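Remarks on the overall topology
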Amino acid sequence: MATAVIEKPKIDINRLNDAIRLFPQVHPITEDMHITFKGVSRLVMLDRYSFKDIEKVTLTKGDFVVLTIKEDPKFPARGLGYILDIDWVQKTATVQVEEEYLNSLDEEEERKTGIIVRSLDVIEKPLEIFYEQIAKRNATGLAAVETDEEKRKEWFEKFYEELVSLNFVPAGRVLYGAGSGKEVTYFNCYVMPFVQDSREGISEHRKQVMEIMSRGGGVGTNGSTLRPRNTLARGVNGKSSGSVSWLDDIAKLTHLVEQGGSRRGAQMIMLASWHPDIIEFIISKMQNPRILRFLIETSNDEQIQRLAKEKLKFTPLTEKERNYLMNLLNVGKSVSSS
């Protein structure tokens, strides 16, 4: 289906610099700045790493924004656009979406015009639209540990030169956090201690995982210390639901903790090969139905057959989910051909 060609508005640099003055962490835009990246890289920079006016103190008509263009609990899509109008009473804004994101929109009229109405809750105004601004903020934050003013200036220049020339690109948590004044981690990933095999131990581990992910860190959890399924829990005269059920509960935190923009928490869940629940654990991670059917057809092990059959039970994709996947394929084709 053909879509209308959307005339791209322009960012008002002078007005954006006026807004930036309210945020001491953000460096103003200068004429020598030019690094914006393209495609997904541009969206990721603006959505995940750019400093934003999250309270919308400076948000106004004509502003360049990053927003959720498709509100879906499973497959939300982010995009870029320009504010056409704001209804502060209803807390919504009318946005002109950039052309490359039109295929992600659900409604045909939205895809034709590129004009959508969204809640202000899913709209954010990036104040850093050039990578040079992020590099300056990072260099300022990293050099701030120096107690001498001359040393701070010296190391700011050294850090900035390496960053802006792309000789050194820090991890995402550094790009987001350094110089921002926010209480976030500079480490992308954490390896957690073994989970203590008790309700208190699991609860404490869960609490620590949530805290780390809320500050932007990814987490690795090894559940090999958890007792197997059906093991007696003498204190309550019952049986354990097993390591896989507890690890699945911890894994669900990934979808609950938002780390800014479209980013969700990241986890790696592990179980040792000697653990009695290892078969259940492996099958719980399987996504390919052909392999599951193969196990059902060829295995003589009742446990493997039962677990594979349980895993194979699935709900077919909805029309929205199918459309989302088709849009992903179309975007991939257009990127590869460009």
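Residues numbered from 1 in each chain as written. Predicted model: local features only at pLDDT ≥ 70, side-chain atom pairs only at ≥ 80, totals over all residues. Heavy atoms only, no water.

1. Digging into the nonpolar core
For soluble globular proteins, nonpolar side chains are generally found buried alongside one another. Membership of the largest hydrophobic core comes to 48 residues, with the highest contact counts inside it found for Ile69, Ile83, Val95, Ile123, Leu127 and Tyr131. Of all the elements in the fold, those that place two or more residues in this core are helix H1 (13–20), helix H2 (39–49), strand E1 (64–70), strand E2 (77–87), strand E3 (92–97), helix H4 (131–143), helix H5 (149–164) and helix H6 (172–177). What leucine 127 contacts, discounting residues up to four positions off in sequence, is Leu16, Ala19, Ile20, Phe23, Val26, Ser50, Phe51, Lys52, Asp53 and Gln133. Core analysis: the next-biggest nonpolar cluster, separate from the first, contains 9 residues, Ile202, Ile269, Leu271 and Ile278 among them. (Core = buried A, V, L, I, M, F, W, Y, C linked by side-chain atoms within 4.5 Å. Buried < 20%, exposed > 50% of the residue type's maximum accessible area, 1.4 Å probe, protein only. Helix = DSSP H or I, 4+ residues; strand = E, 2+ residues; numbered from the N terminus. Contact = heavy atoms within 4.5 Å.)

2. Quick notes on empty space enclosed by the protein
Counted under the stated rule, the structure contains 1 cavity of 30 Å³ or more. The calculated volume of the largest cavity comes to roughly 70 Å³. Along its surface, the largest cavity is lined by Ile11, Asp12, Arg15, Leu16, Gly62, Asp63, Phe64, Lys125, Pro126 and Ile129. The residue makeup of the lining of the largest cavity, split by class, is 5 nonpolar, 1 polar and 4 charged. (1 Å grid on protein atoms, 1.4 Å probe; cavity = no way out; pocket = protein on both sides within 12 Å on 5 of 7 lines; lining within 4 Å. Points joined across faces, edges and corners; volume = space filled by probe spheres on them. Nonpolar A, V, L, I, M, F, W, Y, C, P; charged D, E, K, R; others polar.)

3. Notes on helix H11 (residues 302–312)
Those residues of H11 lying buried are Ile304, Leu307, Ala308 and Leu312. One face of H11 carries all of its buried residues, which in axial projection span an arc of 135°. The inward-facing, buried residues of H11 abut helix H9 (278–285) and helix H10 (289–298). The N-cap of H11, judged by a side-chain oxygen 2.8 Å from the amide nitrogen of glutamine 303 a few residues on, is aspartate 301. (Arc of directions from axis to C-beta. Polar contact = N/O pair within 3.5 Å; in protein donor to acceptor, adjacent residues only side chain to side chain.)

4. Remarks on the sheet that holds E3
The 5 strands lie next to each other as E4-E3-E2-E1-E5, forming an open sheet whose pairing is antiparallel. Both outer strands of the open sheet, strand E4 (115–119) and strand E5 (123–124), are each paired with one neighbouring strand and no more. Looking at chain direction, E1 and E5 are connected through 2 bridges and run antiparallel. Bridged to leucine 67 within E5 is isoleucine 123. (Pairing = 2+ DSSP bridges.)

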